Amino acid sequence: MKYLTSLLLTSATACCGLALMGGSAAAAPTCEDGPIQLGSVSTITGPVDFSDGPSGAKAVFDQLNAAGGINGCTIEYTMADDKGDPQVAAQAARDLIDNRNVVALGGGASLLECAVNAGTYKRNDVLSVQGVGVDPMCFNAPTIAPVNVGPYTLTTAMLDYASNELKNEKLCAFFIILGGTQEAYAQAVKRWEAMSGKTIHLVDMTLPLQGDLTPYLIKARDSGCDAVLTNQVEPGVVQMINTADAQKIEGIDWIFLASGYTEGVAKALPDTRQPVYLGTEWEPYTEVNAANGDWMAVMEKAGLAKTAFSQGGYLAAKVLVDTISSIDGPVTRETIKAKLTEGKPMKYSIAGSDYVFGDAAKHAPMQATKVMQLSGGKWVPRTTDWYVLPPVE
Amino acid sequence: MKHASLHAALKTASALAIIAGLAVLALPNYWVFLITAVFIVGVALQSLGLVTGRTGMISLCQMSFAGVGAWVTGYLNVAEFPGGLVVWVLVGGLAAVPVGVVIGLPALRLRGINLAIVTLGFAAAFDTVLATITFPGQTSFTQVARPAPFESDKGYFLFIMLVYGLIAVALEFVNRSRLGASWLAVRHSERAAAAHGVSIAHAKLSAFAISAFIAGISGGLLAGYLGTLVAENFNMMQSLVLFAVATMVGAHFTLGAIAGGLMITLFPELLRRVGLPQDVGNVFFAVGAVQALSSGETMSETWGRLGSKLLPRRAGKTSAKPPPPLAAPSVHAQGLALEVNGLTVRYGNVIALDKVSLAVPARTVVGLIGPNGAGKSTTVDAIAGFLPRYEGSIKLAGRPLEGLSATARAKAGIRRTWQTTRIAPELTVGEYMRLAAAGIKPGEIEAVLEWFDCPSPETVIATVDAGTRRLIDVAGVVAARPPVLLLDEPAAGQSYAEALKLGERIAAVPEKFGSAVLLIEHDMDLVRRACSAITVFDFGRLIAQGTPQAALGSAIVQKAYMGIEPEERVA
Amino acid sequence: MNSLLASAVAGLSAGGAYAILGVCAVFTYRLVAVVNFTGAAIGAAGTFVMVTLYESGYPLAIGVPAGIAAGALVATWIGIVMTTWFAGASASTKAAVTAALLVGIIAVGLRLTGGQHPHSFPELVTGSAFRFAGVEVTRASLLTLAIAVVFTLVTEQFLARTRTGLQLRALSLRPMAAELIGIRVRLLALCVWAVVGAVTSFALMVIAPLRSPDFMSLSLLVVPALAAALIGAFTSFRAALIGGLMIGIIEGVASGLDTFSQYRGAIPFLVILAVLLWSQRGARWDEAR
C-alpha cells in the first residue's frame, strides 16, 4: 500500500499501477458477451451543461480501449442526457439498464439524477460511481457513492475552515434551496455545530436562484456576519461579489463551494477586493502538479478542456477500471457489486480521501478539500495540504 | 342522449383495453415502462385540456396542482396510511382541489390573459415553496409503494391504464352533461352562458376544481411510477411545456391527450436514438403549438377531419318514428309577466334610455321596434341583467328584479337571445338544448327541434349554417319554457320565407309553451304576424304603444321609423 | 424598522428592472395588442449578443449597439410571426403563442449561451450614486429607474400628442379599421416590436451584472414584469411603473422577514393577487379581456 501511494504521488502516469489496485495480480476479468457496458446519466442540455464529467470518463475508457482494454476486454461507455428533467432522467436510466445492459454506472454529473434513479438502481442491483454528485440522494443511497466531496460535506468543511483557519467568529450561511436540498444543508450545518461545539450566527435558506441579492447582503452586513458561506453556482458567485462591491461591503469573508470554482468566475471578477474563498472537490484543477499529472495527460490526449467536472468523470472512470481489473472471471453486475461492496479503500492522487464504496446504507467517502482564494482574477491555493474532516460518528 | 355518452365511453374504454393488452403482450419491459409515462402525462394533459381547451382559461400552473397531489401521496406513503396507492392518489387529487379553487377564484374576475399571468405567477411561487420540501421518504429511502397486484412494471402499466380509462370515461360523461356544455358556453361567451342561467362562477370553479383533481391524481400516479420525486418534476417550465403540448395536440380530446403524452415521453427517446440533443424537443413543441394556434386547429382536430374524410360517413340516423308531440304548455302566473317602469340608462353623458316603460302580459307576444340606436337592445340588456346600473324598475310577474345577477334573472325566468348567435360551435344541437333548457327530456328536445324545423340533436353546431343557428337559438330558449322570453332580432339573416315561418312559430309560442315574448325585430311583416301589441322607441324614448295597427299607423311612428312625413301621407 | 427600510431600499434595484419590463409589456399590449411572455427573453437575447461580442474582444461601443440591434431584430421576428399569422386572433390566442414561443426561445437561448456557464458581463455603468438607509443605491439601478420613467413619459406624450401616436392607438383598438383608413398597419406594428426589443435589451444589459445572468433567469423576469403590467391593467404606464417598483420593494422587505421564511417566495405573488382582485373588482364580462 505504501509503495502504491508513493508511486501515485511521484509518477505522473500512474495509470498502469492502478490496474493492480484492490485485487490480486492474478485477477483476470473476462467478457464473453462483447465489450463491457458502462454508462452514465448527466445533465448535458437544459439549465446546465455538465458534459465535462462524462466526457472525462469517456476519455479514460477510450484510451484504455486503445491500449487493448482490460485483459482484452474493451469498454463501451454510453453518455445519456437528462435535460435537467426528472422524467427524462428516469427514462435514460432505464434505457441504460434495460436496453444497454450496463454492468455499472459511473462518471455521471447531473442536477437530479441520483434522487430520481437511486430506487431504480436498487431494484436492478446496479451500482453507480457518480462522477459529480449534486443532489442529496447521491450521498444518501446504498447504490450510489460519488467520487466528489459534494456540497453538503463541503459546507461542513468550509464552515470548519472559516472558523479554525480564517478565525471568523460570526459565521453566516445563505443557501439556495433547490429540489429538496434543505434538509441536507441543515444537516451539514448541524454536523459542523456538533463537531466544533460552536453555533452558527445566521442561517438563511431563501436565497433566490434568480433575483437581486442586495437585500440578502444588506441583511448579512447588518447582522454583523464576518464570514458568509453560500452554495451559489457559477453565475451567482459573480453576482454576489459584484453586489458586495456595489454595496461597498467590507470585512466579510465570502466562502463558496466547489460549484463556484471555475476560471470563468475568476476571470469575471478580476479586480474585486473582497476576500473570496472556496473549497474544491479534488486537487485544484487549475494547478499543474504531479497529483494532477495523469488526469491532465488523459485530458490533453483526448483534447478536452481541463475542468473540475472532468476530474470527477476521470476519477469515477478510474475507480471503475480498477474495480473491473480486480475481478477474476466474468464482469457482471453481480461481480462488480461484490467487488465494490467489499469496501476496500482505493487511493488516488487527485483526491484527498480514499474512495470506499462498501455496503453502508449511504456513502460519502470523500471528506477532504483544498481551499482556494481568489486573487487578481485567478484562483490561488491557500494551502498545499488537504483539509480533512474527521469521520462522521 | 345518455346512450351517446355511453357509446363514446364504451368506445374509449375498449380502445384503451386493446392498447393495454397489445402493449403488455408485445412490448419488452423498457417500452412498457415508457408507455406508462405516456398515460400518466396523458392524465395531466386531460386536466389541462379541461380547464384550457374546454373552458378557455389559460392555466400555466397545471404541474403545480400535480405537485400537490404527488407530495400528499408521498406523505401518506411515509405515514403508511391504510388503503395503499389507490387511496393515497385519490386523497392527493382531493388535496389539489382547494388549491385549484383558490387559483380559480381570481378567474371569476380576471379572465383570459390576466388569469394566465396569475397562474404563471402561482407556478413561480409554488416552485420556491416546493423546492424547499424534500419529497417525503426520500432521505429515508422509502419508495412510494405500488399496489400489490400491480407491483411490476407491466402491472403498474395496467394500473395506469385502468386509471386513465376511468378518468377518460368519466370525462366523456361529464363533457356531454350540462356542466360540460356550460364550460364550452363559458369559453365561447360568458354573457350567453349567463343568459341561459348558467352560473359563471360555478362553471369556472368546477372546471378548476375537477382539473386540479385530475392533475393531482396524475402527480400521485407519477409518485408511484418513479418511487420518489423531485421538485423539478413540477416546476414552471414543466407547466409551460405541458401547456405548449396541450395547445399543439388539443388535450381536451381523448386522442389528443394520448398523442401529447406520446410526444412528451417519446421525444426524448427519439432524440436519444438519433443522437440529437435533448433540448430540441422544447423547440419542436413551441413551433408545433404556434402552428396549431395559427391554423386554429389542434392536431386532434386535423386528424379527426382527415379521418372523417377517409372513412365513409355513417348515414345520419333517419329515425322512422315521428318525434313525440310537444308537452303541454307550462302554466305561469297570470297578469303582467314583465313590467318595466321609468327605465333610464346612461353611458357617461349619453342617455341611452330615458324613462321608458313597457309591459308584456302573460302569454302574449309584444313587439319592440324602433330605428337603429333607439335603445332596444339596451332595454333587453337591462331586463336580462347585463348592465351594471340603471334607474327605474323591472318586475317579473310582480317581483322586482333589481339586485339580481344575469344568471339569477335567467333562473328566475327571463331568457334572451342575442343579435348575433353565441352558441359554442363545438356543441351538438342536443347538448345546446340541454344547456339552454336544464332538465329537458330527450323526447321533448326532438319535439321542439321538429317544431322549429331544426336539425337533429346529434348535429354539431359548427356544421350548421348561420340562419339555422338563429333558429336553434330561439328553439333553445323556447324549450326552457320561461315566463318571459326576450328575442333580439331572431329573423336577422333569415330569408323572407323563413322569417314569415318564424313569425308564425313565435306567434304560437305563448299557446304552445306558455311563455310571454318580447320581440325585437326590424322585419315589419314578422312583427305584424306575431305580435298582439307593439311598443315603439326612438332615441331612447317611448313614442308609441298599442295594437300593431294603431302603433304602426301613428304619425309620429311613421315619421321616426319609416322616414315618412305626415304631409306626404296626406298628399 | 431601520432594517425594514434598508431591505426596502435594497429591493429598489430589482424594482427598477421590473418597472421597465412592466412598462414595456404595457407598451406592447397597448400598441400591438399582444401580452408578450417573451418580453424578457427578447432582451436576454440582445444582452447575450452584447456579451458575446465583448468576450471576443470587441469594445462596448460596438457591442452595446449590436446587442440592442439584435434585441430589436429578435423582437421584429416575433412581430413578423404575430402579424403574419395572428393579426386577427384574440388576445388569448396571441398570449398563448408567446407563452409557447417562450418555451422554444429559452431552449435555444440556453443552448447558444451554454447553460449557466458564467459570462463576464461588463458593467455599463459602475459605482454607486449615493447611500440611503445604509444601502448603496447603484448608478445602474438608478439608470434602470430613469429609463423606466423616461420611457413612460415619452410614450405617454408620444401617444397623446403625435400623429403616429394616434395611428398607433387606432391600430391596437381596431386593426382592420386602421388598415382601411390607410395606416400601414404591419410596418407600424413591426416598428413597435423593434422599439420594445431595443429598450428591453438595453435595460437588461444594465441590469444583468447584478443578477444571475443566465439566459433562463433573465427570460423569467417576465413573471414579475407581467404582474407589474397587470397592476397597470395593461393600460396605465404609470401604474405599471409603480407596480414594478412595488413588487421589487416587497421582495426586498420580504427577504428581511424571518417568519415564514420558506414561503417568502410566495409573498409577492399573494400581494399581486390581492391588488388585482381589488383593482378589478368592477370588471364583469368577458369582453373586458
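Given the structure is predicted, the values throughout are model-derived calculations rather than measurements.

**Examining the overall build of chain C**
Now for step 1: For chain C, the helix and strand inventory stands at 13 helices and 2 strands.
Now for step 2: In chain C, which comprises 289 residues, the proportion classed as buried is 60%.
Now for step 3: Within chain C, counting contacts between residues at least 6 apart in sequence, those at least 24 apart form 74% of the total.

**Quick notes on the overall build of chain B**
Now for step 1: Within chain B one finds 23 helices and 10 strands.
Now for step 2: Counting only C-alpha atoms and orienting by the principal axes, one finds that chain B spans roughly 100 × 55 × 45 Å.
Now for step 3: For chain B, buried positions account for 56% of its 571 residues.
Now for step 4: Within chain B, residue pairs in contact and separated by at least 24 positions form 75% of the contacts whose partners lie at least 6 positions apart.

**Points about unusual backbone geometry**
Residues and elements named next belong to chain B.
Now for step 1: The backbone phi angle of Asp453 is positive, close to 60 degrees, even though this residue is not glycine.
Now for step 2: Relative to the elements of secondary structure, Asp453 occurs in the loop between α17 (442–451) and α18 (466–479).
Now for step 3: We classify Asp453 as partly exposed; it has 13 C-beta atoms within 10 Å.

**Concerning the domain arrangement of chain B**
All names here are of chain B.
Now for step 1: Taken domain by domain, chain B consists of domain 1 (2–235) and domain 2 (336–413 + 482–570).
Now for step 2: Measuring from the centre of the C-alpha atoms in domain 1 to the corresponding centre in domain 2 gives 48 Å.
Now for step 3: The interface is formed by 8 residues belonging to domain 1 together with 6 residues belonging to domain 2.
Now for step 4: The element contributing the most residues to the side of domain 1 that touches domain 2 is helix α8 (residues 190–195), with 3 residues.
Now for step 5: Looking at side-chain class alone, the side of domain 1 that touches domain 2 contains 4 nonpolar, 3 polar and 1 charged residues.

**Structural notes on the interface of chain C and chain A**
You'll often see interface size given as the accessible area lost when the parts meet.
Now for step 1: Each side of the interface is counted separately: chain C has 36 residues, and chain A has 33 residues.
Now for step 2: For the side of chain C that touches chain A, the secondary structure elements donating two or more residues are α1 (2–10), α2 (12–32), α5 (91–113), β2 (135–138), α10 (215–219) and α12 (237–256) of chain C.
Now for step 3: A class-by-class count of the residues in the side of chain C that touches chain A yields 11 nonpolar, 19 polar and 6 charged.

**Observations concerning the environment of Met57(B)**
All names here are of chain B.
Now for step 1: Looking at the secondary structure, you find Met57 in the loop between α2 (29–54) and α3 (62–78).
Now for step 2: Assessed through the 26 C-beta atoms surrounding it within 10 Å, Met57 is described here as buried.
Now for step 3: It is 7.8 Å that separates the C-alpha atoms of Met57 and Ala107, two residues lying 50 residues apart in sequence.
Now for step 4: When sequence neighbours within four positions are dropped, the list of residues in contact with Met57 reads Val51, Thr52, Ala107, Leu115 and Lys204.

**Focus on the interface of chain B and chain C**
Now for step 1: Of the residues lining the interface, 39 residues belong to chain B; the matching set on chain C comes to 41 residues.
Now for step 2: Within the residue set of the side of chain B that touches chain C, elements represented by two or more residues are α4 (84–109), α5 (113–130), α8, α10 (236–249) and α12 (280–295) of chain B.
Now for step 3: The residue inventory of the side of chain B that touches chain C, partitioned by class, reads 25 nonpolar, 9 polar and 5 charged.

**Some words on the sheet that holds strand β1 (residues 336–347) of chain B**
Residue and element names in this part refer to chain B.
Now for step 1: Taken together, 4 strands build an open sheet; the order of strands is β2-β1-β4-β5 and the sheet is antiparallel. The open sheet terminates on both sides in strands that have one partner only, identified here as β2 (350–361) and β5 (399–400).
Now for step 2: The sheet contact formed by β1 and strand β4 (residues 391–396) spans 5 bridges and is antiparallel. Residue pairing in the sheet places Asn341 in a bridge with Ser393 of β4.
Now for step 3: Relative to the sheet, helix α14 (residues 376–384) contacts β1, β2 and β4, its axis offset from that of β1 by approximately 115 degrees.

**Some remarks on the environment of Ile267(C)**
Residues and elements named next belong to chain C.
Now for step 1: Position of Ile267 among the secondary structure elements: in helix α13 (residues 267–279).
Now for step 2: Between the C-alpha atom of Ile267 and that of Ser255, which follows or precedes it by 12 residues, the distance is 9.9 Å.
Now for step 3: Those residues in contact with Ile267 that lie beyond four places of it in its chain are Ile250 and Ala254.

**Digging into the pairing of strand β2 (residues 36–42) of chain A**
Residues and elements named next belong to chain A.
Now for step 1: Within β2, 7 of the 7 residues are buried, leaving the element largely enclosed by the surrounding structure.
Now for step 2: By the alternation rule, side chains of β2 split into Ile36, Leu38, Ser40 and Ser42 and Gln37, Gly39 and Val41, which are all buried.
Now for step 3: For β2 and strand β3 (residues 75–81), the ladder comprises 7 bridges, and the chain directions are parallel. Counterpart to Gly39 in the pairing with β3 is Thr78.

**Quick look at the sheet that holds β3(A)**
Across a sheet, paired strands are connected by hydrogen bonds in the backbone, their directions being either parallel or antiparallel.
Now for step 1: Spatially, 4 strands are ordered β3-β2-β4-β5 (chain A) in an open sheet, and the strand pairing comes out parallel. Edge positions in the open sheet fall to β3 and β5 (128–129) of chain A, since each of these has one partner strand only.

**Regarding the pairing of strand β13 (residues 371–375) of chain A**
Residue and element names in this part refer to chain A.
Now for step 1: In this sheet, β13 lies alongside strand β10 (residues 276–279) in antiparallel orientation, the contact comprising 3 bridges. By the bridge assignment, Leu278 is partnered in β13 with Met372.
Now for step 2: Alignment of β13 against strand β14 (residues 378–381), held across 4 bridges, turns out to be antiparallel. What sits directly across from Gln373, in β14, is Val380.
Now for step 3: Hairpin geometry of β13 and β14 is characterised by an intervening segment of 2 residues between the two adjacent antiparallel strands and by a positive phi of about 55 degrees at Gly376.

**Regarding helix α3 (residues 52–66) of chain A**
A turn of α-helix holds 3.6 residues, and therefore any two residues three or four places apart point the same way.
Residue and element names in this part refer to chain A.
Now for step 1: Taking 1.5 Å as the rise per residue, α3 with 15 residues should run 21 Å; its terminal C-alpha atoms sit 21 Å apart, in good agreement.
Now for step 2: In terms of residue burial, α3 counts as a mostly covered element, since 11 of its 15 residues are buried.
Now for step 3: On its buried face, α3 is in contact with β2, β3, β4 (104–106), α11 (293–302) and α12 (308–325).

**Considering the packing of α3(B) against α10(B)**
Each pair of packed helices can be summarised by the angle the axes make with each other and by the distance between the axes.
Residue and element names in this part refer to chain B.
Now for step 1: Between α3 and α10, the least distance of the axes is 7 Å, while the angle of their chain directions is 120 degrees. In terms of orientation, α3 and α10 fall into the oblique class. Here α3 contributes Gln62, Met63 and Ser64 to the contact with α10, which in turn contributes Gln238, Ser239 and Leu242.
Now for step 2: In terms of residue class, the contact of α3 with α10 is built from 2 nonpolar, 4 polar and no charged.

**Notes on the packing of helix α7 (residues 178–188) of chain B against helix α16 (residues 429–436) of chain B**
Residue and element names in this part refer to chain B.
Now for step 1: Viewed as axis vectors pointing N to C, α7 and α16 meet at an angle of 95 degrees, and their least axial separation amounts to 9 Å. Taken together, the axis directions place α7 and α16 in an arrangement best described as roughly perpendicular. Each of Arg178, Ala181, Ser182 and Ala185 in α7 lies in contact with α16, whose residues at this interface are Glu431, Tyr432, Arg434 and Leu435.
Now for step 2: Partitioning the contact of α7 with α16 into residue classes produces 4 nonpolar, 1 polar and 3 charged.

**Focus: the environment of Thr43(A)**
All names here are of chain A.
Now for step 1: Its location among the elements puts Thr43 in the loop between β2 and α3.
Now for step 2: Distance in space between the C-alpha atoms of Thr43 and Met366 is 22 Å, their sequence separation being 323 residues.
Now for step 3: Look past the residues within four positions of Thr43 in its chain and what remains in contact with it is Val48, Phe50, Asp82, Gly84, Ser110 and Leu111.

**Side note on the confidence of the model for chain C**
Now for step 1: With 86% of its residues at a pLDDT of at least 70, chain C reaches an overall mean of 82.
Now for step 2: Under the prediction, the complex receives an ipTM of 0.86, its pTM being 0.85.

**Regarding the confidence of the model for chain B**
Now for step 1: For chain B, per-residue confidence averages 85 on the pLDDT scale, and 95% of positions sit at 70 or higher.
Now for step 2: Element-level mean pLDDT values for chain B span from 46 in helix α23 (residues 566–570) of chain B up to 93 in α3(B).

Rules of the game
- Residues numbered from 1 in each chain as written.
- Chains lettered and ligands numbered in written order.
- Predicted model: local features only at pLDDT ≥ 70, side-chain atom pairs only at ≥ 80, totals over all residues.
- Helix = DSSP H or I, 4+ residues; strand = E, 2+ residues; numbered from the N terminus.
- Buried ≥ 20, exposed ≤ 12 C-beta atoms within 10 Å, placed from the backbone.
- Contact = placed C-beta atoms within 7 Å.
- Domains from an automatic or database assignment.
- Nonpolar A, V, L, I, M, F, W, Y, C, P; charged D, E, K, R; others polar.
- Pairing = 2+ DSSP bridges.
- Axes fitted to C-alpha atoms, helices over the stretch in contact; angles between N-to-C directions.
- Expected span 1.5 Å × (residues − 1).
- Parallel < 35°, antiparallel > 145°, perpendicular 65-115°, else oblique.
- pLDDT = per-residue confidence, 0-100.

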